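Report on the structure
Each chain, written out:
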There are 2 protein chains.
Amino acid sequence: MLSLSIIGTGNVAFHLAKAFSAAQDVNLQFVAGRNAAELEVFNSFCTTTNLNEELEKTFSSDVILIAVSDAAIAAVSQQLIESEALILHTSGSTSMAILDQNKRYGVLYPLQSFSKEKELIYKKIPFLIESKLQQDLEMIKTLTESLSANYFTVNSKDRAALHLAAVFSNNFTNHILTEAKQLCDDSKVPFELLKPLVLETIDKAFRIGPENSQTGPAKRNDTITINKQLSALKSAEQKELYTLLTQAIQKYYER
Amino acid sequence: MLSLSIIGTGNVAFHLAKAFSAAQDVNLQFVAGRNAAELEVFNSFCTTTNLNEELEKTFSSDVILIAVSDAAIAAVSQQLIESEALILHTSGSTSMAILDQNKRYGVLYPLQSFSKEKELIYKKIPFLIESKLQQDLEMIKTLTESLSANYFTVNSKDRAALHLAAVFSNNFTNHILTEAKQLCDDSKVPFELLKPLVLETIDKAFRIGPENSQTGPAKRNDTITINKQLSALKSAEQKELYTLLTQAIQKYYER
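Residues numbered from 1 in each chain as written. Chains lettered and ligands numbered in written order. Predicted model: local features only at pLDDT ≥ 70, side-chain atom pairs only at ≥ 80, totals over all residues. Heavy atoms only, no water.

**Digging into the interface of chain B and chain A**
Opposite the 89 residues of chain B that make contact, chain A presents 89 residues. Buried surface at the junction of chain B and chain A, summed over both partners, amounts to about 8,600 Å²; 67% is from carbon and sulfur atoms. Sorting the residues of chain B by area buried against chain A places Phe168(B), Leu193(B) and Phe206(B) first, and these three jointly supply 9% of that buried surface. At the boundary of chain B and chain A, one finds two salt bridges. Lys181(B) is the salt-bridge partner of Glu211(A), the closest N and O atoms lying 2.8 Å from each other. At the junction of chain B with chain A, the criterion picks out 20 residue pairs in polar contact (both at pLDDT 80 or more). Looking at the side of chain B that touches chain A, the elements with two or more residues in it are strand E7 (126-131), helix H5 (156-186), helix H6 (195-208), helix H7 (223-232) and helix H8 (236-254) of chain B. Taken together, the residues of the side of chain B that touches chain A sort by class into 44 nonpolar, 24 polar and 21 charged. (Contact = heavy atoms within 4.5 Å. Buried area = accessible area lost by both parts, 1.4 Å probe. Salt bridge = Lys/Arg side-chain N within 4 Å of Asp/Glu carboxyl O. Polar contact = N/O pair within 3.5 Å; in protein donor to acceptor, adjacent residues only side chain to side chain. Helix = DSSP H or I, 4+ residues; strand = E, 2+ residues; numbered from the N terminus. Nonpolar A, V, L, I, M, F, W, Y, C, P; charged D, E, K, R; others polar.)

**Observations regarding the sheet that holds strand E1 (residues 2-7) of chain B**
Residues and elements named next belong to chain B. The eight strands lie next to each other as E3-E2-E1-E4-E5-E6-E7-E8, forming an open sheet whose pairing is mixed. Every other strand in the sheet has two partners, leaving strand E3 (48-50) and strand E8 (150-153) as the edge strands with one partner each. Pairs of neighbouring strands in the sheet enclose a mean axial angle of 25°, with direction left out of account. Bridging between strand E6 (residues 104-110) and E7 involves five bridges; their strand directions are antiparallel. When the sheet's bridge partners are listed, Val 107 is paired in E7 with Glu 130. Against the sheet, helix H4 (residues 137-146) contacts E1, strand E2 (26-33), strand E4 (63-66), strand E5 (86-89), E6, E7 and E8, and its axis sits at roughly 165° relative to E7. (Pairing = 2+ DSSP bridges. Axes fitted to C-alpha atoms, helices over the stretch in contact; angles between N-to-C directions.)

**Comments concerning the relation of the copies chain B and chain A**
Mapping chain B onto chain A leaves a residual RMSD of 0.1 Å; the transformation is a rotation of 180° accompanied by 0.0 Å of translation along its axis. Viewed as a symmetry operation, the transformation between the two copies matches a two-fold axis. Taking C-alpha positions as reference, the residue of chain B nearest the rotation axis is Thr173(B), located at 2.7 Å. (Least-squares fit on C-alpha atoms with pLDDT ≥ 70 in both.)

**Concerning the side chain of Gln214(B)**
Its place among the elements puts Gln214(B) in the loop between H6 and H7. According to the relative accessible area criterion, Gln214(B) is buried, its value standing at 5%. Contact partners of Gln214(B), with chain neighbours within four places excluded, come to Asn171(A), Asn174(A), His175(A), Lys219(B), Ile249(B) and Tyr253(B). (Buried < 20%, exposed > 50% of the residue type's maximum accessible area, 1.4 Å probe, protein only.)

**Observations regarding the domain arrangement of chain A**
All names here are of chain A. Taken domain by domain, chain A consists of domain 1 (2-154) and domain 2 (160-254). Distance between the C-alpha centres of domain 1 and domain 2: 36 Å. Every contact between the two is made by six residues of domain 1 and, on the other side, five residues of domain 2. Interface of domain 1 and domain 2: buried area, both sides summed, is about 430 Å²; carbon and sulfur atoms make up 72% of it. When residues of domain 1 are sorted by the area they lose upon contact with domain 2, Gly 92, Ser 93 and Leu 111 head the list and together hold 57% of the total. Counting across the interface, domain 1 meets domain 2 through zero salt bridges. At the surface where domain 1 touches domain 2, the tally comes to zero residue pairs in polar contact (both at pLDDT 80 or more). Considering only residue class, the side of domain 1 that touches domain 2 consists of three nonpolar, three polar and no charged. (Domains from an automatic or database assignment.)

**Notes on the pattern of salt bridges**
Under the definition given, this model contains 20 salt bridges over all chains. Residues Asp185(A) and Lys181(A) are paired through a salt bridge, measuring 3.7 Å at the closest nitrogen-oxygen approach. With Asp185(A) and Lys181(A) both in helix H5 (residues 156-186) and four residues apart, this pair spans about one turn of that helix. Look at Asp185(A) and you get partly exposed, because its relative accessible area is 39%. Taking relative accessible area as the criterion, Lys181(A) reaches 16% and is therefore assigned buried. One salt bridge in this structure joins Lys103(B) and Glu84(B), with 3.1 Å as the shortest N-O distance. Taken together, the residues Lys103(B) in the loop between E5 and E6 and Glu84(B) in the loop between helix H3 (73-78) and E5 connect sequence positions 19 residues apart.

**Side note on the UniProt feature "domain: Putative oxidoreductase/dehydrogenase Rossmann-like" (unreviewed entry) in chain A**
Here, the residues flagged by UniProt with the feature "domain: Putative oxidoreductase/dehydrogenase Rossmann-like" (unreviewed entry) are residues 2-107 of chain A. What you have in residues 2-107 of chain A is 21% helix and 27% strand, and the ends, taken at the C-alpha atoms, are 17 Å apart. (UniProt positions renumbered as here; feature names shortened; annotations may be inferred.)

**As for the nonpolar core**
Membership of the largest hydrophobic core comes to 98 residues, with the highest contact counts inside it found for Phe168(A), Leu194(A), Phe168(B) and Leu194(B). Ignoring any residue separated from it by four or fewer positions in sequence, one finds Phe168(B) in contact with Ile176(A), Glu179(A), Ala180(A), Leu183(A), Leu233(A), Gln238(A), Leu241(A), Tyr242(A) and Thr173(B). (Core = buried A, V, L, I, M, F, W, Y, C linked by side-chain atoms within 4.5 Å.)

Here it is as structure tokens:
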């Protein structure tokens, strides 16, 4: 059985620790964090240890997963230089090469948004994986398979591209919805009414391609509606977003 | 049984005609269009008639639905001034008052994106309805109920607000996905990998509110990742969208 330790106490660490602690083919040995308070939520389902005082406890694991903020990966990986374990980070936008001081290393990046409050369905999450040594890839595949998840072998450059596309399709889409909800709230109409429309938009975008399913005033150059809507917007931020996205759509379909 | 005629041959006219032709409590009498070619697709399931030559055939229907482009509603409604029927338009952003030359009038706006290639599930579509005379509202409700759809009585001002919110959450979201797909295509990584992330984003946004579920480099002011991603973007349009949306998110959470 594959033994695993996880370093980190954020959302990614929490969800992966919980999932691996329940996986049949993986033995989750330790979750390491900076202090007892952060580790408390993990104690009910795994053994925890202090990152600064007892990190070497994790060294004997087959795999050590660094699930910390991007900015902290380098420092944590330095603390693992003496370990013979396969060291993996979980970051979308960080190159695998950041771990090149370690003996064996790779990447296990779950392309999903994690929040503590919600259970995840792992078989629907694509894991982007990469390893320095070909033979270590099998161990990473074993990890994803133990969660019934799909893996895709992707190099650091392509992973960064997918992470950037994920920022557009998750963070930016979410902010657009935030502004849409604000417009609903301002007029006291329920934001929930938009849910079927949004789900249809997403479904269509992935079925026939978003470039083939665009509709609306910008696409059809409906200047009357565009001007009416622009003048109905109250905040400068909303006007700016409306203008730029309308122009972007118009330019795209002029090409 | 309620008798209905529909004027128009676009996606909304097509889907509503098809649905009402199959509805038990509605008798779809005519679909009127400008020429035989446009009407051809309707002939398999309803009776069609020429808009310019035989529009008066529709006058005896209980309800006449104007499902044409926003810019053409006024002209079409003028041709219906002699009719005793309840005249409805199907536009999100057009005030009911555009029909005030007609004897009885109102609005039946389906808050959904229509495309010819896909069947719609009407019970999931919210219909925003409005009528000049209170007693005519019942007739509009009968129409939506015949499709097993939900109706919401909303005045023209609030409907325009919802339509504007719909432009954000459908058209703008779709364009963001178009740019995300472009980024994937440029790196030859499959856009489909993003689907679980996008569905999770939408689910979370409607469950806890998009303003409570924002994540990513902009939200956490991760300047290193922001600069790395900005310099990875090739097109000026993408850089501009990235910058504006990143700033918008940062401003929003500074408030």
